[in-house]
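What the coordinates show
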Amino acid sequence: MPSWLTNLFGQAKPGPAWIEQAELRRAIGREDRPMVIDVRGPDEFDGPLGHIDGAVNIPLPDLAEHTTGLADAGSAIVVVCLTDKRSAAAAVQLAEAGIRGVTVLRGGMKAWRGE
């Protein structure tokens, strides 16, 4: 960003990091598997697309209540939703809370299920 724009608008915030579904499948198979946080509502989590095995359901509106516990977990975190809009917002929220190592599943559960 040109310096005059930075002075005018401030420093641009970096966006979330992304992970593709094939890469997440490999990561889940490792011993140091990431924590998968599904930020959809419980009805979606248990709905037709289901959820990733081992995922923890923390709906996006409730995420702020869990940041301390997630920070203390010390593992990499992958955030998932239906597509990737809510999970991208969740990743930003977690980063703003000081949690590092957060990625977003690109395409969400639709990509995971191949839809």
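Everything that follows concerns the structure shown earlier in this document.
If you're wondering where the values come from, they're calculated on a predicted model, not measured in any experiment.

Here we look at the packing of aromatic side chains
Evaluation of the coordinates by the stated rule reveals zero aromatic pairs. When the ring centre of Trp112 is taken as origin, the NZ or CZ atom of Arg25, which lies over that ring, is 3.8 Å away.

What to know about helix H5 (residues 85–96)
Helical geometry: 3.6 residues make up each α-helical turn, so side chains three or four residues apart lie on a common side. An ideal rise of 1.5 Å per residue puts 16 Å on 12 residues; H5 measures up with 17 Å between its terminal C-alpha atoms. Inspection of H5 places Ser87, Ala88, Ala90, Ala91 and Leu94 among the buried residues, and these make up the whole buried set. For H5, the angular spread of buried residues about the axis comes to 160°, placing them on one side. Counted as exposed and oriented over 90 degrees from the buried face of H5: Lys85 and Glu96. Considering only its buried residues, H5 is in contact with strand S1 (17–19), helix H4 (67–73), strand S4 (77–80) and strand S5 (102–105). Directly beyond the C-terminal end of H5, a positive phi value near 90° is found at Gly98.

Some details on the side chain of Thr67
Inspection of the secondary structure assignment puts Thr67 in helix H4. Reaching out from Thr67, the side chain makes a polar contact with the backbone oxygen of Ala64 at a distance of 3.3 Å. Thr67 has contacts with Leu94, Ala97 and Ile99, leaving out every residue within four places of it along the chain.

Overview of the sheet that holds S1
Strand order across the open sheet formed by five strands is S1-S5-S4-S2-S3, with parallel pairing between neighbours. In the strand order of this sheet, the two ends are held by S1 and strand S3 (56–57), each with one partner. As defined by bridge partners, S4 adjoins S5 across three bridges and the pair is classed as parallel. Within S5, the position partnered with Val78 by the bridge is Thr103. Set on the sheet, H5 makes contact with S1, S4 and S5; between it and S5 the angle comes to about 175°.

A closer look at the pairing of strand S2 (residues 35–38)
Where a strand is regular, its side chains alternate between the two sheet faces. Bridge analysis of S2 against S4 gives four bridges, and the strand direction is parallel. Across the sheet, Met35 pairs through a bridge with Ile77, a residue of S4. In terms of strand pairing, S2 meets S3 through two bridges, oriented parallel. Within S3, the position partnered with Ile37 by the bridge is Val56.

Some thoughts on the pattern of salt bridges
Summed over all chains, the structure comprises five salt bridges. Between Asp38 and Arg40 there is a salt bridge whose closest N-O contact spans 2.8 Å. Since its relative accessible area comes to 1%, Arg40 is described here as buried. Residues Glu44 and Arg86 are paired through a salt bridge, measuring 2.8 Å at the closest nitrogen-oxygen approach. Of this pair, Glu44 sits in helix H3 (residues 42–45) while Arg86 is found in helix H5, placing the two residues 42 residues apart along the sequence. By relative accessible area, which is 24% here, Glu44 ends up partly exposed.

Cut-off values and rules
Residues numbered from 1 in each chain as written. Predicted model: local features only at pLDDT ≥ 70, side-chain atom pairs only at ≥ 80, totals over all residues. Heavy atoms only, no water. Phe/Tyr/Trp six-rings, centres within 6.5 Å; stacked < 30°, edge-to-face > 60°. Lys NZ or Arg CZ within 6 Å of the ring centre and 35° of its normal. Helix = DSSP H or I, 4+ residues; strand = E, 2+ residues; numbered from the N terminus. Expected span 1.5 Å × (residues − 1). Buried < 20%, exposed > 50% of the residue type's maximum accessible area, 1.4 Å probe, protein only. Arc of directions from axis to C-beta. Contact = heavy atoms within 4.5 Å. Polar contact = N/O pair within 3.5 Å; in protein donor to acceptor, adjacent residues only side chain to side chain. Pairing = 2+ DSSP bridges. Axes fitted to C-alpha atoms, helices over the stretch in contact; angles between N-to-C directions. Salt bridge = Lys/Arg side-chain N within 4 Å of Asp/Glu carboxyl O.

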